Amino acid sequence: MNEKNKIQILIIDLGSQYTQIIRRSLRYLGFYSIILPPEKSLEWIKVNKPKGIILSGGSSSVYDIDAPKIPKEIVNLNIPILGICYGMQWLAYINDKDTIEVKKEGKSYGPVQINFSFKNKSKLFEKLKENINAWSSHGDSVKKAPKDFIIIATSQDGKVIEAIECEEKKLWAVQFHPEVEETQDENIILNNFVIGICNCEKDYSRKDVIEEIRKNTKIELGNDIAIIGVSGGVDSTTLAAILAPALGNKLKAFFIDTGGMRKGEIEKIKNIAQKANLNLEIIEKYKNKFINKIGMVIDAEAKRATFRTIYGEVFHEVAKSYGATYMIQGTLATDLIESGSGGKSVLIKTHHNVDLDLGLKEIMPLSDYFKFEIRELANEFGLDELVSKRQPFPGPGLYLRIIGVPVTAELLEMVREADAEVTEILEKYGLYNKISQTVVALLGTKTVGVKGDGRVYGYSFVVRTVETTDFMTVKGFYLPKEVCEEIISTLSRHSEIVRVFFDFTPKPPATTEFE
Ligand code: XMP
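Residues numbered from 1 in each chain as written. Predicted model: local features only at pLDDT ≥ 70, side-chain atom pairs only at ≥ 80, totals over all residues. Heavy atoms only, no water.

1. Here's the deal with the UniProt feature "binding site: ATP" (unreviewed entry) in the protein chain
No. 1: Mapped onto this structure's residue numbering, the UniProt feature "binding site: ATP" (unreviewed entry) falls at S231, G232, G233, V234, D235, S236 and T237. Here, the largest cavity is lined by S231, G232, G233, V234, D235 and S236 out of the annotated residues.
No. 2: Here G232 shows up in the loop between β12 (226–229) and α6 (234–247).
No. 3: With a relative accessible area of 3%, G232 lands in the buried category.
No. 4: Excluding anything up to four places from it in sequence, G232 contacts T237, I269, I272, V387 and R390.
No. 5: Tracing the backbone through its elements, the reader meets G233 in the loop between β12 and α6. (UniProt positions renumbered as here; feature names shortened; annotations may be inferred. 1 Å grid on protein atoms, 1.4 Å probe; cavity = no way out; pocket = protein on both sides within 12 Å on 5 of 7 lines; lining within 4 Å. Helix = DSSP H or I, 4+ residues; strand = E, 2+ residues; numbered from the N terminus. Buried < 20%, exposed > 50% of the residue type's maximum accessible area, 1.4 Å probe, protein only. Contact = heavy atoms within 4.5 Å.)

Here's what the structure looks like:
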(Lines give C-alpha, C1' and ligand atoms only; values in the text may rest on other atoms or scores of the structure.)
Protein backbone atom coordinates (compact mmCIF):
# COMPACT_ATOMS: atom_id res chain seq x y z
CA MET A 1 0.00 0.00 0.00
CA ASN A 2 1.14 3.47 -0.77
CA GLU A 3 1.93 5.29 2.49
CA LYS A 4 0.13 8.36 1.26
CA ASN A 5 -3.07 6.42 0.78
CA LYS A 6 -5.37 5.82 3.65
CA ILE A 7 -6.71 2.33 4.29
CA GLN A 8 -10.03 2.32 2.50
CA ILE A 9 -11.67 -0.82 3.85
CA LEU A 10 -11.99 -1.97 7.46
CA ILE A 11 -12.83 -5.62 8.14
CA ILE A 12 -14.28 -6.17 11.60
CA ASP A 13 -13.32 -9.64 12.83
CA LEU A 14 -16.25 -11.40 14.44
CA GLY A 15 -14.40 -14.71 14.83
CA SER A 16 -14.75 -16.41 11.45
CA GLN A 17 -12.14 -18.82 10.07
CA TYR A 18 -12.61 -16.85 6.84
CA THR A 19 -11.82 -13.33 8.09
CA GLN A 20 -8.29 -13.35 6.66
CA ILE A 21 -9.69 -14.66 3.41
CA ILE A 22 -11.77 -11.52 3.02
CA ARG A 23 -8.58 -9.50 3.31
CA ARG A 24 -6.75 -11.76 0.90
CA SER A 25 -9.57 -11.50 -1.65
CA LEU A 26 -9.45 -7.72 -1.42
CA ARG A 27 -5.69 -7.77 -2.02
CA TYR A 28 -6.28 -10.01 -5.01
CA LEU A 29 -8.67 -7.39 -6.32
CA GLY A 30 -6.03 -4.68 -5.73
CA PHE A 31 -7.15 -3.25 -2.37
CA TYR A 32 -5.30 -3.02 0.90
CA SER A 33 -7.46 -3.41 4.02
CA ILE A 34 -7.14 -3.76 7.77
CA ILE A 35 -8.69 -6.29 10.17
CA LEU A 36 -9.65 -5.13 13.65
CA PRO A 37 -11.59 -6.65 16.55
CA PRO A 38 -15.00 -5.02 17.17
CA GLU A 39 -13.83 -3.26 20.36
CA LYS A 40 -11.19 -1.30 18.47
CA SER A 41 -13.28 -0.53 15.41
CA LEU A 42 -15.23 2.61 16.29
CA GLU A 43 -12.26 4.66 17.39
CA TRP A 44 -10.31 3.60 14.31
CA ILE A 45 -13.23 4.46 12.00
CA LYS A 46 -13.58 7.93 13.50
CA VAL A 47 -9.89 8.68 12.97
CA ASN A 48 -9.38 6.96 9.61
CA LYS A 49 -12.76 7.43 7.91
CA PRO A 50 -12.69 4.32 5.70
CA LYS A 51 -14.78 4.13 2.54
CA GLY A 52 -16.33 0.82 3.49
CA ILE A 53 -16.71 -1.65 6.37
CA ILE A 54 -17.05 -5.42 6.14
CA LEU A 55 -18.39 -7.42 9.07
CA SER A 56 -16.98 -10.95 8.94
CA GLY A 57 -18.85 -14.09 9.85
CA GLY A 58 -18.44 -15.71 13.24
CA SER A 59 -19.69 -18.63 15.26
CA SER A 60 -21.81 -16.67 17.79
CA SER A 61 -25.53 -16.19 17.91
CA VAL A 62 -26.75 -12.62 18.34
CA TYR A 63 -28.38 -13.86 21.56
CA ASP A 64 -25.13 -15.12 23.12
CA ILE A 65 -24.00 -13.21 26.19
CA ASP A 66 -20.44 -13.26 24.91
CA ALA A 67 -21.35 -12.37 21.31
CA PRO A 68 -18.89 -9.89 19.73
CA LYS A 69 -19.55 -6.35 20.94
CA ILE A 70 -19.91 -4.45 17.70
CA PRO A 71 -20.51 -0.73 18.35
CA LYS A 72 -23.97 0.07 17.01
CA GLU A 73 -22.89 3.59 16.07
CA ILE A 74 -21.09 2.24 13.01
CA VAL A 75 -24.37 1.93 11.12
CA ASN A 76 -25.08 5.67 11.47
CA LEU A 77 -21.80 6.97 10.08
CA ASN A 78 -22.96 6.98 6.44
CA ILE A 79 -20.19 4.48 5.55
CA PRO A 80 -21.30 1.51 3.42
CA ILE A 81 -21.32 -1.74 5.39
CA LEU A 82 -21.35 -5.30 4.07
CA GLY A 83 -22.31 -7.88 6.69
CA ILE A 84 -21.33 -11.46 5.95
CA CYS A 85 -23.01 -14.42 7.70
CA TYR A 86 -22.97 -13.47 11.42
CA GLY A 87 -22.42 -9.91 10.18
CA MET A 88 -25.76 -10.13 8.36
CA GLN A 89 -27.55 -11.54 11.39
CA TRP A 90 -26.21 -8.72 13.55
CA LEU A 91 -27.28 -6.05 11.04
CA ALA A 92 -30.76 -7.57 10.86
CA TYR A 93 -31.02 -7.92 14.64
CA ILE A 94 -30.02 -4.38 15.54
CA ASN A 95 -32.54 -3.05 13.02
CA ASP A 96 -35.35 -5.36 14.16
CA LYS A 97 -35.07 -7.70 17.17
CA ASP A 98 -37.62 -10.11 15.71
CA THR A 99 -35.69 -11.16 12.60
CA ILE A 100 -33.43 -13.96 13.83
CA GLU A 101 -34.36 -17.60 13.84
CA VAL A 102 -32.18 -19.59 16.20
CA LYS A 103 -31.08 -22.95 14.85
CA LYS A 104 -31.87 -25.66 17.39
CA GLU A 105 -29.47 -28.32 16.16
CA GLY A 106 -26.43 -28.45 13.89
CA LYS A 107 -25.54 -25.96 11.21
CA SER A 108 -26.56 -25.22 7.62
CA TYR A 109 -23.31 -26.14 6.06
CA GLY A 110 -22.16 -26.64 2.47
CA PRO A 111 -23.11 -25.53 -1.02
CA VAL A 112 -26.31 -23.61 -1.61
CA GLN A 113 -27.84 -22.25 -4.80
CA ILE A 114 -28.49 -18.53 -4.58
CA ASN A 115 -31.08 -16.78 -6.68
CA PHE A 116 -30.87 -13.08 -7.54
CA SER A 117 -33.94 -12.77 -9.80
CA PHE A 118 -35.55 -9.71 -8.29
CA LYS A 119 -37.13 -6.82 -10.18
CA ASN A 120 -34.25 -4.48 -9.42
CA LYS A 121 -31.04 -6.43 -9.09
CA SER A 122 -28.93 -5.12 -6.20
CA LYS A 123 -25.74 -3.21 -6.99
CA LEU A 124 -23.98 -5.84 -4.91
CA PHE A 125 -24.80 -8.55 -7.44
CA GLU A 126 -24.18 -6.66 -10.68
CA LYS A 127 -22.57 -8.74 -13.45
CA LEU A 128 -23.65 -11.99 -11.76
CA LYS A 129 -25.93 -14.55 -13.37
CA GLU A 130 -29.43 -15.14 -11.97
CA ASN A 131 -28.21 -18.14 -9.98
CA ILE A 132 -24.84 -18.97 -8.48
CA ASN A 133 -23.56 -21.74 -6.27
CA ALA A 134 -22.30 -20.38 -3.00
CA TRP A 135 -20.76 -21.68 0.22
CA SER A 136 -22.77 -21.43 3.36
CA SER A 137 -21.89 -22.17 6.97
CA HIS A 138 -24.22 -20.84 9.64
CA GLY A 139 -26.44 -21.78 12.55
CA ASP A 140 -28.96 -18.96 13.02
CA SER A 141 -30.61 -17.30 10.05
CA VAL A 142 -32.59 -14.20 9.13
CA LYS A 143 -36.27 -15.16 8.84
CA LYS A 144 -37.61 -11.82 7.56
CA ALA A 145 -36.20 -8.55 6.27
CA PRO A 146 -36.00 -5.86 8.95
CA LYS A 147 -37.97 -2.63 8.49
CA ASP A 148 -36.60 -0.48 5.60
CA PHE A 149 -34.66 -3.45 4.19
CA ILE A 150 -35.48 -5.43 1.05
CA ILE A 151 -34.61 -9.01 0.21
CA ILE A 152 -32.10 -9.19 -2.66
CA ALA A 153 -31.24 -12.90 -2.78
CA THR A 154 -32.88 -16.14 -1.71
CA SER A 155 -32.35 -19.89 -1.86
CA GLN A 156 -34.61 -22.96 -1.79
CA ASP A 157 -37.25 -21.47 -4.13
CA GLY A 158 -37.45 -18.21 -2.25
CA LYS A 159 -37.98 -19.87 1.13
CA VAL A 160 -34.63 -18.88 2.65
CA ILE A 161 -33.37 -15.28 2.79
CA GLU A 162 -29.77 -15.11 1.57
CA ALA A 163 -29.18 -11.35 1.26
CA ILE A 164 -30.82 -8.07 2.27
CA GLU A 165 -30.11 -4.40 1.74
CA CYS A 166 -31.12 -0.96 2.86
CA GLU A 167 -29.56 1.28 0.24
CA GLU A 168 -30.67 4.43 1.99
CA LYS A 169 -28.70 3.53 5.13
CA LYS A 170 -25.90 2.03 2.97
CA LEU A 171 -26.27 -1.43 4.52
CA TRP A 172 -25.86 -4.68 2.59
CA ALA A 173 -25.75 -8.19 4.00
CA VAL A 174 -25.29 -11.74 2.74
CA GLN A 175 -25.83 -15.00 4.60
CA PHE A 176 -23.43 -17.03 2.41
CA HIS A 177 -19.68 -16.47 2.13
CA PRO A 178 -18.78 -14.44 -0.96
CA GLU A 179 -15.08 -14.49 0.05
CA VAL A 180 -14.36 -18.23 -0.28
CA GLU A 181 -13.44 -19.90 -3.51
CA GLU A 182 -16.30 -22.38 -3.26
CA THR A 183 -18.62 -19.48 -4.02
CA GLN A 184 -18.86 -19.08 -7.76
CA ASP A 185 -17.56 -15.71 -9.03
CA GLU A 186 -16.74 -14.84 -5.42
CA ASN A 187 -14.58 -11.87 -6.33
CA ILE A 188 -17.38 -10.17 -8.26
CA ILE A 189 -19.44 -9.59 -5.13
CA LEU A 190 -16.56 -8.11 -3.15
CA ASN A 191 -15.50 -6.09 -6.19
CA ASN A 192 -19.03 -4.71 -6.55
CA PHE A 193 -18.94 -3.70 -2.91
CA VAL A 194 -15.54 -2.00 -2.86
CA ILE A 195 -15.72 -0.35 -6.28
CA GLY A 196 -19.40 -0.09 -7.16
CA ILE A 197 -20.67 0.80 -3.69
CA CYS A 198 -17.70 2.23 -1.73
CA ASN A 199 -15.93 3.93 -4.69
CA CYS A 200 -12.51 2.70 -3.58
CA GLU A 201 -9.47 3.12 -5.81
CA LYS A 202 -6.95 0.31 -6.31
CA ASP A 203 -4.00 0.76 -3.97
CA TYR A 204 -2.06 -2.50 -3.83
CA SER A 205 0.65 -4.26 -5.91
CA ARG A 206 3.30 -6.98 -5.44
CA LYS A 207 6.20 -4.52 -5.48
CA ASP A 208 4.51 -2.63 -2.63
CA VAL A 209 4.44 -5.86 -0.61
CA ILE A 210 8.13 -6.57 -1.10
CA GLU A 211 9.07 -3.02 -0.19
CA GLU A 212 6.84 -3.04 2.83
CA ILE A 213 8.18 -6.39 4.10
CA ARG A 214 11.77 -5.15 3.76
CA LYS A 215 11.14 -1.80 5.34
CA ASN A 216 9.15 -3.11 8.32
CA THR A 217 11.59 -5.95 9.04
CA LYS A 218 14.59 -3.63 8.84
CA ILE A 219 13.00 -1.21 11.29
CA GLU A 220 12.01 -3.97 13.68
CA LEU A 221 15.44 -5.63 13.61
CA GLY A 222 17.50 -2.46 14.05
CA ASN A 223 21.16 -3.41 14.57
CA ASP A 224 20.47 -6.90 15.89
CA ILE A 225 21.10 -10.26 14.25
CA ALA A 226 18.27 -12.51 13.09
CA ILE A 227 18.12 -16.15 12.18
CA ILE A 228 15.81 -17.60 9.57
CA GLY A 229 15.23 -21.32 9.20
CA VAL A 230 14.86 -22.07 5.50
CA SER A 231 12.94 -25.24 4.75
CA GLY A 232 13.15 -25.11 0.96
CA GLY A 233 9.42 -24.58 0.87
CA VAL A 234 7.96 -21.59 -0.82
CA ASP A 235 7.33 -19.51 2.31
CA SER A 236 10.64 -19.48 4.14
CA THR A 237 12.72 -19.50 0.95
CA THR A 238 10.85 -16.60 -0.61
CA LEU A 239 11.03 -14.67 2.62
CA ALA A 240 14.79 -15.23 2.90
CA ALA A 241 15.21 -14.13 -0.73
CA ILE A 242 13.17 -10.98 -0.10
CA LEU A 243 15.12 -10.07 3.04
CA ALA A 244 18.70 -11.10 2.16
CA PRO A 245 19.54 -7.98 0.10
CA ALA A 246 17.93 -5.67 2.66
CA LEU A 247 19.47 -7.18 5.82
CA GLY A 248 22.88 -8.33 4.51
CA ASN A 249 24.89 -10.26 7.10
CA LYS A 250 22.48 -9.39 9.88
CA LEU A 251 20.42 -12.27 8.46
CA LYS A 252 21.66 -15.81 9.19
CA ALA A 253 19.87 -18.36 7.03
CA PHE A 254 20.13 -22.07 7.77
CA PHE A 255 18.48 -25.37 6.92
CA ILE A 256 17.96 -28.12 9.50
CA ASP A 257 17.70 -31.70 8.34
CA THR A 258 15.01 -33.13 10.64
CA GLY A 259 15.09 -36.61 9.14
CA GLY A 260 11.56 -36.07 7.87
CA MET A 261 12.51 -34.57 4.52
CA ARG A 262 11.49 -35.75 1.07
CA LYS A 263 13.90 -37.61 -1.20
CA GLY A 264 16.69 -35.46 -2.70
CA GLU A 265 15.63 -32.50 -0.56
CA ILE A 266 19.09 -31.36 0.49
CA GLU A 267 20.37 -31.17 -3.08
CA LYS A 268 17.30 -29.18 -4.06
CA ILE A 269 17.78 -26.81 -1.15
CA LYS A 270 21.35 -26.12 -2.19
CA ASN A 271 20.17 -25.31 -5.71
CA ILE A 272 17.45 -23.03 -4.48
CA ALA A 273 19.80 -21.13 -2.19
CA GLN A 274 22.17 -20.54 -5.07
CA LYS A 275 19.39 -19.25 -7.28
CA ALA A 276 18.09 -16.95 -4.53
CA ASN A 277 21.59 -15.60 -3.79
CA LEU A 278 21.31 -16.89 -0.26
CA ASN A 279 24.18 -17.75 2.00
CA LEU A 280 22.65 -20.88 3.54
CA GLU A 281 24.16 -23.18 6.16
CA ILE A 282 23.02 -26.81 6.03
CA ILE A 283 22.89 -28.40 9.51
CA GLU A 284 22.59 -32.18 9.65
CA LYS A 285 23.65 -33.06 13.19
CA TYR A 286 20.15 -32.98 14.79
CA LYS A 287 18.51 -35.66 12.63
CA ASN A 288 18.65 -38.48 15.17
CA LYS A 289 17.38 -36.30 17.98
CA PHE A 290 14.16 -35.74 16.00
CA ILE A 291 13.70 -39.41 15.01
CA ASN A 292 14.36 -40.76 18.50
CA LYS A 293 11.99 -38.43 20.32
CA ILE A 294 9.13 -38.36 17.81
CA GLY A 295 9.31 -42.12 17.40
CA MET A 296 7.81 -42.56 20.85
CA VAL A 297 4.68 -40.54 20.07
CA ILE A 298 1.61 -41.68 18.11
CA ASP A 299 -1.14 -39.18 18.86
CA ALA A 300 -1.29 -36.49 16.15
CA GLU A 301 -1.32 -33.46 18.42
CA ALA A 302 1.27 -34.92 20.80
CA LYS A 303 3.50 -35.65 17.81
CA ARG A 304 3.17 -32.08 16.56
CA ALA A 305 3.89 -30.80 20.05
CA THR A 306 6.99 -32.99 20.37
CA PHE A 307 8.26 -31.87 16.99
CA ARG A 308 7.70 -28.30 18.06
CA THR A 309 9.64 -28.77 21.31
CA ILE A 310 12.66 -30.28 19.60
CA TYR A 311 12.48 -27.74 16.82
CA GLY A 312 12.52 -25.02 19.47
CA GLU A 313 15.50 -26.51 21.29
CA VAL A 314 17.47 -26.84 18.07
CA PHE A 315 16.63 -23.31 17.00
CA HIS A 316 17.72 -22.02 20.36
CA GLU A 317 21.11 -23.68 20.04
CA VAL A 318 21.62 -22.46 16.50
CA ALA A 319 20.57 -18.90 17.39
CA LYS A 320 23.05 -18.85 20.24
CA SER A 321 25.84 -19.94 17.95
CA TYR A 322 25.14 -16.96 15.66
CA GLY A 323 24.64 -14.46 18.49
CA ALA A 324 21.11 -13.79 17.21
CA THR A 325 18.38 -12.13 19.25
CA TYR A 326 15.65 -12.29 16.59
CA MET A 327 14.02 -15.09 14.69
CA ILE A 328 12.32 -14.39 11.36
CA GLN A 329 9.54 -16.79 10.42
CA GLY A 330 7.77 -17.52 7.14
CA THR A 331 4.51 -18.17 8.97
CA LEU A 332 1.45 -17.49 6.82
CA ALA A 333 -2.04 -16.32 7.67
CA THR A 334 -3.33 -19.89 7.23
CA ASP A 335 -0.88 -21.23 9.81
CA LEU A 336 -1.95 -18.65 12.37
CA ILE A 337 -5.66 -19.09 11.74
CA GLU A 338 -5.48 -22.86 12.04
CA SER A 339 -3.27 -22.87 15.09
CA GLY A 340 -5.77 -20.58 16.78
CA SER A 341 -3.51 -17.52 16.86
CA GLY A 342 -5.25 -15.48 14.18
CA GLY A 343 -8.01 -13.36 15.65
CA LYS A 344 -10.64 -15.41 17.44
CA SER A 345 -10.82 -18.64 15.43
CA VAL A 346 -10.41 -22.07 17.09
CA LEU A 347 -7.35 -24.37 17.21
CA ILE A 348 -7.28 -27.04 14.49
CA LYS A 349 -3.60 -28.10 14.62
CA THR A 350 -0.49 -27.07 16.52
CA HIS A 351 2.00 -25.71 14.04
CA HIS A 352 5.67 -26.32 14.71
CA ASN A 353 6.72 -22.72 14.32
CA VAL A 354 3.87 -20.67 15.75
CA ASP A 355 4.13 -18.94 19.15
CA LEU A 356 7.43 -20.63 20.01
CA ASP A 357 8.92 -19.13 23.12
CA LEU A 358 12.64 -19.32 22.52
CA GLY A 359 13.72 -16.20 24.30
CA LEU A 360 14.15 -14.74 20.81
CA LYS A 361 12.07 -11.91 19.51
CA GLU A 362 9.95 -13.05 16.58
CA ILE A 363 9.24 -11.31 13.34
CA MET A 364 6.59 -12.83 11.04
CA PRO A 365 6.59 -10.67 7.93
CA LEU A 366 4.25 -12.97 5.96
CA SER A 367 1.60 -13.44 8.61
CA ASP A 368 -1.03 -11.54 6.64
CA TYR A 369 -0.46 -13.44 3.40
CA PHE A 370 -1.72 -16.61 1.79
CA LYS A 371 0.09 -19.27 -0.19
CA PHE A 372 -0.85 -18.13 -3.68
CA GLU A 373 0.38 -14.64 -2.90
CA ILE A 374 3.75 -15.96 -1.74
CA ARG A 375 4.03 -17.99 -4.93
CA GLU A 376 3.54 -14.78 -6.87
CA LEU A 377 6.28 -13.11 -4.85
CA ALA A 378 8.59 -16.09 -5.45
CA ASN A 379 8.21 -15.50 -9.18
CA GLU A 380 9.55 -11.98 -8.72
CA PHE A 381 12.82 -13.60 -7.60
CA GLY A 382 13.03 -16.15 -10.40
CA LEU A 383 12.24 -18.92 -7.93
CA ASP A 384 9.19 -20.12 -9.82
CA GLU A 385 10.61 -23.38 -11.20
CA LEU A 386 12.46 -24.43 -8.07
CA VAL A 387 10.22 -23.23 -5.33
CA SER A 388 6.86 -21.86 -6.25
CA LYS A 389 5.97 -24.76 -8.52
CA ARG A 390 6.89 -27.29 -5.85
CA GLN A 391 4.01 -28.50 -3.81
CA PRO A 392 3.98 -27.31 -0.19
CA PHE A 393 5.41 -29.58 2.48
CA PRO A 394 4.72 -29.17 6.19
CA GLY A 395 7.53 -28.37 8.65
CA PRO A 396 7.21 -31.71 10.53
CA GLY A 397 7.43 -33.36 7.12
CA LEU A 398 7.12 -37.11 6.76
CA TYR A 399 6.62 -37.47 10.52
CA LEU A 400 3.02 -36.41 9.88
CA ARG A 401 2.63 -39.08 7.23
CA ILE A 402 3.13 -42.17 9.37
CA ILE A 403 -0.21 -42.61 11.01
CA GLY A 404 -1.04 -44.68 14.05
CA VAL A 405 2.32 -46.39 14.64
CA PRO A 406 5.65 -45.26 16.13
CA VAL A 407 7.82 -43.48 13.57
CA THR A 408 11.11 -45.24 12.83
CA ALA A 409 13.93 -44.48 10.43
CA GLU A 410 12.83 -47.52 8.35
CA LEU A 411 9.21 -46.35 8.06
CA LEU A 412 10.37 -42.84 7.19
CA GLU A 413 12.44 -44.32 4.41
CA MET A 414 9.45 -46.32 3.13
CA VAL A 415 7.23 -43.21 3.03
CA ARG A 416 10.03 -41.15 1.48
CA GLU A 417 10.47 -43.66 -1.31
CA ALA A 418 6.71 -44.00 -1.88
CA ASP A 419 6.34 -40.21 -2.00
CA ALA A 420 9.11 -39.94 -4.60
CA GLU A 421 7.54 -42.69 -6.72
CA VAL A 422 4.08 -41.13 -6.64
CA THR A 423 5.58 -37.72 -7.52
CA GLU A 424 7.38 -39.24 -10.48
CA ILE A 425 4.18 -40.84 -11.77
CA LEU A 426 2.21 -37.59 -11.38
CA GLU A 427 4.96 -35.70 -13.23
CA LYS A 428 4.97 -38.31 -15.99
CA TYR A 429 1.24 -37.82 -16.55
CA GLY A 430 1.59 -34.01 -16.45
CA LEU A 431 -0.53 -33.83 -13.29
CA TYR A 432 1.98 -32.71 -10.66
CA ASN A 433 1.61 -29.00 -11.39
CA LYS A 434 -2.17 -29.20 -11.52
CA ILE A 435 -2.38 -30.67 -8.03
CA SER A 436 -2.00 -28.22 -5.13
CA GLN A 437 -0.69 -30.88 -2.76
CA THR A 438 -0.08 -34.61 -2.72
CA VAL A 439 0.10 -36.44 0.57
CA VAL A 440 1.46 -39.99 0.54
CA ALA A 441 1.01 -41.53 3.97
CA LEU A 442 1.44 -44.86 5.65
CA LEU A 443 -1.60 -46.08 7.56
CA GLY A 444 -0.36 -47.94 10.59
CA THR A 445 -3.02 -50.64 10.82
CA LYS A 446 -1.71 -53.79 9.22
CA THR A 447 -3.96 -55.77 6.90
CA VAL A 448 -3.69 -59.10 5.13
CA GLY A 449 -2.60 -59.36 1.53
CA VAL A 450 -1.36 -62.04 -0.81
CA LYS A 451 1.82 -61.76 -2.82
CA GLY A 452 3.14 -64.56 -4.99
CA ASP A 453 1.64 -67.53 -3.23
CA GLY A 454 2.12 -66.24 0.26
CA ARG A 455 0.23 -64.36 2.88
CA VAL A 456 1.57 -60.89 3.68
CA TYR A 457 0.56 -58.94 6.76
CA GLY A 458 1.56 -55.49 5.64
CA TYR A 459 0.93 -51.76 5.54
CA SER A 460 -1.57 -49.72 3.60
CA PHE A 461 -0.65 -46.48 1.92
CA VAL A 462 -2.96 -43.64 1.15
CA VAL A 463 -2.46 -41.18 -1.66
CA ARG A 464 -4.30 -37.90 -1.20
CA THR A 465 -4.38 -35.29 -3.97
CA VAL A 466 -6.08 -31.94 -3.50
CA GLU A 467 -6.57 -28.63 -5.24
CA THR A 468 -6.93 -25.25 -3.59
CA THR A 469 -5.58 -21.73 -3.64
CA ASP A 470 -5.26 -21.07 0.06
CA PHE A 471 -5.49 -24.39 1.96
CA MET A 472 -8.24 -22.99 4.16
CA THR A 473 -10.56 -25.16 2.13
CA VAL A 474 -9.52 -27.82 -0.39
CA LYS A 475 -11.20 -29.96 -3.01
CA GLY A 476 -10.17 -33.49 -3.87
CA PHE A 477 -8.21 -33.77 -7.13
CA TYR A 478 -9.62 -36.94 -8.65
CA LEU A 479 -6.89 -38.96 -10.33
CA PRO A 480 -7.66 -40.77 -13.59
CA LYS A 481 -8.02 -44.55 -13.40
CA GLU A 482 -4.78 -45.30 -15.27
CA VAL A 483 -2.80 -43.09 -12.87
CA CYS A 484 -4.36 -44.83 -9.87
CA GLU A 485 -3.49 -48.19 -11.41
CA GLU A 486 0.12 -47.22 -11.97
CA ILE A 487 0.43 -45.88 -8.42
CA ILE A 488 -1.07 -49.10 -7.00
CA SER A 489 1.22 -51.36 -8.99
CA THR A 490 4.31 -49.25 -8.21
CA LEU A 491 3.70 -48.98 -4.46
CA SER A 492 2.67 -52.58 -4.01
CA ARG A 493 6.01 -53.69 -5.40
CA HIS A 494 7.39 -52.86 -1.95
CA SER A 495 7.26 -56.09 0.03
CA GLU A 496 5.62 -54.46 3.09
CA ILE A 497 2.84 -52.65 1.20
CA VAL A 498 -0.34 -54.59 0.48
CA ARG A 499 -2.99 -51.98 -0.15
CA VAL A 500 -3.27 -48.48 -1.62
CA PHE A 501 -6.16 -46.14 -0.89
CA PHE A 502 -6.98 -42.85 -2.57
CA ASP A 503 -8.40 -39.97 -0.62
CA PHE A 504 -10.24 -37.13 -2.35
CA THR A 505 -12.17 -35.91 0.69
CA PRO A 506 -12.55 -32.12 0.69
CA LYS A 507 -11.52 -29.83 3.55
CA PRO A 508 -13.73 -29.41 5.41
CA PRO A 509 -14.41 -31.98 6.75
CA ALA A 510 -10.91 -33.50 6.29
CA THR A 511 -7.73 -31.45 6.63
CA THR A 512 -5.02 -31.65 3.99
CA GLU A 513 -2.57 -33.59 6.12
CA PHE A 514 -3.75 -36.64 8.06
CA GLU A 515 -2.34 -35.34 11.32
P1 XMP B 1 -3.98 -28.79 6.81
O2 XMP B 1 -3.60 -30.21 7.06
O3 XMP B 1 -4.08 -27.98 8.04
O4 XMP B 1 -2.76 -28.15 5.98
O5 XMP B 1 -5.18 -28.64 5.91
C6 XMP B 1 -2.79 -26.92 5.29
C7 XMP B 1 -1.42 -26.68 4.69
O8 XMP B 1 -0.49 -26.43 5.73
C9 XMP B 1 0.56 -27.39 5.67
N10 XMP B 1 0.90 -27.71 7.06
C11 XMP B 1 1.97 -27.23 7.71
N12 XMP B 1 2.97 -26.44 7.32
N13 XMP B 1 3.96 -26.64 9.45
C14 XMP B 1 3.98 -26.15 8.19
O15 XMP B 1 4.93 -25.47 7.82
C16 XMP B 1 2.99 -27.44 9.93
O17 XMP B 1 3.01 -27.85 11.08
C18 XMP B 1 1.95 -27.75 9.00
N19 XMP B 1 0.84 -28.51 9.11
C20 XMP B 1 0.21 -28.47 7.91
C21 XMP B 1 -0.03 -28.58 4.93
O22 XMP B 1 0.95 -29.40 4.36
C23 XMP B 1 -0.89 -27.86 3.92
O24 XMP B 1 -0.10 -27.38 2.85
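Having seen the model, we can carry on.
2. Here's the deal with the nonpolar core
No. 1: Judged by nonpolar contacts, the single largest core of 72 residues is most densely connected at L55, I74, W90 and I328.
No. 2: Sorting elements by how many residues they give to this core places α6 first, with eight residues.
No. 3: Shared between two domains, this core holds at least three residues of each, these being domain 1 (9–197) and domain 2 (206–388).
No. 4: In contact with L55, not counting residues within four places along its chain, are I12, L14, I70, I74, I81, L82, G83, I84, G87, W90 and L91.
No. 5: Judged by nonpolar contacts, the second largest core, of 52 residues, contains Y399, V415, Y459 and V483. (Core = buried A, V, L, I, M, F, W, Y, C linked by side-chain atoms within 4.5 Å. Domains from an automatic or database assignment.)

3. What about the environment of L247?
No. 1: Position of L247 among the secondary structure elements: in helix α6.
No. 2: Sequence-wise, L247 and I425 are 178 residues apart; in three dimensions their C-alpha atoms are separated by 41 Å.
No. 3: Those residues in contact with L247, other than ones at most four positions away along the chain, are T217, K218, L221 and I328.

4. Digging into the site of the ligand
No. 1: Looking at the ligand, there are 15 residues lining it, with K349, Q437, K507, T512 and E513 nearest.
No. 2: Contact between the ligand and T512: an oxygen atom at 2.6 Å from a side-chain N or O atom of the residue.
No. 3: Calculation on the ligand without its partners gives an accessible area of 490 Å², and the protein chains cover 92% of this total.
No. 4: Assessed atom by atom at 2 Å from the grid points, the ligand resides in the largest cavity.
No. 5: By residue class, the composition of the shell around the ligand is four nonpolar, six polar and five charged. (Near = heavy atom within 4 Å. Polar contact = N/O pair within 3.5 Å; in protein donor to acceptor, adjacent residues only side chain to side chain. Areas by Shrake-Rupley, 256 points an atom, 1.4 Å probe, with all protein chains shown as cover. Sits in = over half its atoms within 2 Å of the grid points. Nonpolar A, V, L, I, M, F, W, Y, C, P; charged D, E, K, R; others polar.)

5. A short note on unusual backbone geometry
No. 1: Residue K507 is joined to P508 through a cis peptide bond whose omega torsion reads -15 degrees.
No. 2: Relative to the assigned elements, P508 resides in the segment after β21 (497–503).
No. 3: Look at the link from P508 to P509: it is a cis peptide, with omega at 10 degrees.
No. 4: Within the secondary structure, P509 is located in the segment after β21.
No. 5: In this structure, C85 takes a positive phi of about 55 degrees despite not being glycine.
No. 6: As for its placement among the helices and strands, C85 is situated in the loop between β4 (81–84) and α3 (86–95).

6. Some words on the pattern of salt bridges
No. 1: All told, the structure shown has 24 salt bridges when counted by the stated rule.
No. 2: The salt bridge partner of K207 is E380, with a shortest N-O separation of 3.2 Å. Of this pair, K207 sits in helix α5 (residues 206–221) while E380 is found in helix α11 (residues 371–380), placing the two residues 173 residues apart along the sequence.
No. 3: By relative accessible area, which is 54% here, K207 ends up exposed.
No. 4: The exposure class assigned to E380 is partly exposed, which follows from its relative accessible area of 32%.
No. 5: Salt-bridge contacts for E486 lead to K428; the nearest nitrogen and oxygen are separated by 2.6 Å. With E486 in helix α14 (residues 481–491) and K428 in helix α13 (residues 409–428), this residue pair connects regions lying 58 residues apart in the sequence.
No. 6: For E486, a relative accessible area of 22% gives the class partly exposed.
No. 7: Bridged by salt links that share partners, the residues R206, K207, E376 and E380 form one connected network. (Salt bridge = Lys/Arg side-chain N within 4 Å of Asp/Glu carboxyl O.)

7. Thoughts on the pairing of β4
The side chains of a regular strand alternate between the sheet's two faces.
No. 1: Residues I81 and G83 of β4 are buried on one face, and the alternating residues L82 and I84, pointing to the opposite face, are buried as well.
No. 2: The pairing of β4 with strand β11 (residues 171–174) spans four bridges and is classified as parallel. Within β11, the position partnered with L82 by the bridge is W172. (Pairing = 2+ DSSP bridges.)

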